[in-house]
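Summary of structural features
Here is what each chain is made of, one letter per residue.
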Amino acid sequence: MPLKNTLAAYLPSSRSAKRQSSILGVAALALAGSAILVNRRAARAEREHPPKGAFVTVDGVRLHYVVRGSGRPVVFLHGNGAMVADMLISGVIDHAARQYRAIAFDRPGFGHSERPRNRSWTAVAQAALIAKTLARLGIERPIVVGHSWGTLVALALALDHPRSVDGLVLASGYYFPTARADVALLSPPSIPLLGDAISYTVAPLIGEITGPPMIKKMFAPQPVSPRFEREFPLALALRPSQIKAFSEDTSHMIAAAEQLSPRYAALRCPTVIMGGDADRIVDIGRQAKRLHGTIPGSRLDVLPGAGHMIHHLDPVRMVRAIDLIANGGITKNTVRAESATWGTPA
């Protein structure tokens with residue numbers, strides 16, 4: 001082949017390679033700039049929203065928790081993507097603290113709690129850590145209140161550490177494995193290596209756009225609580241570390257339900273199951289009502305017209321569920337109870 005033809009064949013490929021190299025360079029610079037911006041925002045969020053409670057270190061994990069009131073202990077476990085602030089803003093902690101010692105934990109990776117990478121933070125692993133933490137703090141046989149993903153931790157705690165639990169209040173929970181589109185959509189930041197790149201660059205920026213609509217869906221059909229809109233530290237929830245924790249919990253959700261659900265019938269502690277029949281996050285019929293039929297003696301409290309965030313909608317009603325257990329309204333010998341109606345004691 002003549003030299004001229006050889007050069008002609010080579011040059012387009014060379015130009016294409018240069019263009020690709022330039023595109024990759026620009027992309028790398030954009031990601032680096034995004035990472036710097038994200039890290040600065042995360043640091044600012046932590047300065048503007050300091051811890052409101054105390055810390056305890058158990059098994060090398062530093063957990064943040066808040067205590068209000070005195071009396072019989074009640075432990076609160078928040079849902080995925082949330083933190084202690086969600087429980088405080090809802091008012092359920094303050095209502096409970098009028099007659100109980102209310103303790104709310106930031107679960108590993110959320111709020112101001114650590115989430116070491118040297119272990120897989122399944123619901124069972126989180127429950128084991130909570131059990132050890134309760135023992136370390138001298139909290140004996142509390143009533144445990146779980147919301148949303150926190151119900152899986154509460155159930156694992158009651159199943160694996162029954163001496164650590166005196167009763168359960170399970171609100172808006174996911175209990176049985178079902179196909180969920182959100183698991184596939186929200187799990188990528190949990191992928192090793194690639195997940196870090198996503199979490200520490202573009203995910204927080206995307207979250208600023210997608211976060212508010214997701215929050216509206218959680219509260220729907222009710223509007224977002226005005227207090228939640230004012231006070232919830234969304235900037236903390238959009239830090240790379242919490243996005244990764246959120247994604248990991250999402251990826252563990254179906255497996256947790258598969259692992260725990262065959263054992264629910266063995267539960268013997270008093271249990272109140274709460275849910276809104278307009279919940280757009282979990283199907284009350286496939287989850288709460290089915291769980292009620294599985295756990296002997298459980299009480300089902302259905303809130304007509306309520307969405308996922310029932311602790312914001314009616315915190316007093318949630319405390320009445322705690323009262324029911326504390327006052328012996330549910331015993332291990334109870335065979336069946338009718339569903340409560342909206343606005344009446346559970």
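Up top is the structure these notes are about.
All values derive from a computational prediction rather than experimental measurement.

Remarks on the nonpolar core
The biggest cluster of nonpolar side chains holds 48 residues, and the ones touching the most others in it are Leu168, Tyr175 and Tyr264. The dominant element in this core, judged by the number of residues it contributes, is helix H5 (residues 150–160), at eight residues. With 28 residues, the next largest nonpolar core counts Val74, Tyr100, Ala104 and Ile143 among its residues.

Some words on the environment of Ala220
By the element assignment, Ala220 lies in the loop between helix H8 (203–219) and helix H9 (226–231). The exposure class of Ala220 is buried, given its relative accessible area of 8%. Along the sequence, Ala220 and Arg280 sit 60 residues apart, while their C-alpha atoms lie 7.2 Å from each other. With near-sequence residues (within four places) excluded, Ala220 lies in contact with Ala278, Arg280, Gly307 and His308.

Some thoughts on the environment of Tyr65
You can see Tyr65 is positioned in strand S2 (residues 61–68). When the C-alpha positions of Tyr65 and Phe105 are compared, they lie 4.3 Å apart, and in sequence the two are 40 residues distant. Apart from residues no more than four positions distant in its own chain, Tyr65 is found in contact with Gly53, Ala54, Phe55, Val56, Ile103, Ala104, Phe105 and Leu137.

Considering the pattern of salt bridges
This model, assessed by the stated rule, comprises eleven salt bridges. The salt bridge partner of Arg107 is Asp249, with a shortest N-O separation of 2.9 Å. You can see Arg107 sitting in the loop between strand S4 (100–105) and helix H4 (123–137) and its partner Asp249 sitting in helix H11 (residues 240–260), a full 142 residues away along the chain. The residues Arg107 and Asp249 share a single accessibility class, namely buried. A single network of salt bridges, built from pairs that share partners, joins Arg107, Arg115, Glu248 and Asp249.

With respect to H11
If you check H11, its first and last C-alpha atoms are 29 Å apart, about what 21 residues at 1.5 Å a residue would give, namely 30 Å. When the local axis directions of H11 are compared, the greatest deviation, roughly 40 degrees, occurs at Met253. Among the 21 residues that make up H11, 15 are buried, leaving the element largely enclosed by the rest of the structure.

Quick notes on the packing of aromatic side chains
Taken as a whole and assessed by the stated rule, the structure comprises four aromatic pairs. Pairing Phe219 with Phe228 gives two aromatic rings, centres 5.1 Å apart and planes at 65 degrees, and the pair type is edge-to-face. The residues Phe219 and Phe228 share a single accessibility class, namely buried. Between Phe228 and Phe232, the ring centres sit 4.5 Å apart and the planes meet at 10 degrees, which makes this aromatic pair stacked. For the residue pair Phe228 and Phe232, the accessibility class agrees, reading buried in each case. The structure contains a cluster of three or more aromatic residues connected by ring pairs, namely Phe219, Phe228 and Phe232. Above the ring of Phe55, the side-chain terminus of Arg62 is found at 3.7 Å from the ring centroid. A cation over a ring is seen here: Arg290 above Phe176, with NZ or CZ 3.9 Å from the ring centre.

Some details on the sheet that holds strand S5 (residues 143–147)
Read from one edge to the other, the open sheet built from eight strands follows the order S1-S2-S4-S3-S5-S6-S7-S8, with strand pairing classed as mixed. The outermost strands of the open sheet, each flanked by one partner alone, are strand S1 (54–58) and strand S8 (299–303). This sheet shows a mean twist of 20 degrees between the axes of neighbouring strands, independent of strand direction. As judged from the five bridges shared by S1 and S2, these two strands associate in the antiparallel manner. Among the inter-strand pairings, Val56 is bridged to a residue of S2, identified as Leu63. Against the sheet, H4 makes contact with S1, S2, strand S3 (72–77) and S4, and its axis sits at roughly 115 degrees relative to S1, the strand it touches most.

So, how was this worked out
Residues numbered from 1 in each chain as written. Predicted model: local features only at pLDDT ≥ 70, side-chain atom pairs only at ≥ 80, totals over all residues. Heavy atoms only, no water. Core = buried A, V, L, I, M, F, W, Y, C linked by side-chain atoms within 4.5 Å. Buried < 20%, exposed > 50% of the residue type's maximum accessible area, 1.4 Å probe, protein only. Helix = DSSP H or I, 4+ residues; strand = E, 2+ residues; numbered from the N terminus. Contact = heavy atoms within 4.5 Å. Salt bridge = Lys/Arg side-chain N within 4 Å of Asp/Glu carboxyl O. Expected span 1.5 Å × (residues − 1). Bend = angle between axes of the 7 residues up to and from the residue. Phe/Tyr/Trp six-rings, centres within 6.5 Å; stacked < 30°, edge-to-face > 60°. Lys NZ or Arg CZ within 6 Å of the ring centre and 35° of its normal. Pairing = 2+ DSSP bridges. Axes fitted to C-alpha atoms, helices over the stretch in contact; angles between N-to-C directions.

Functional significance is not addressed by these values, which are geometric in nature.
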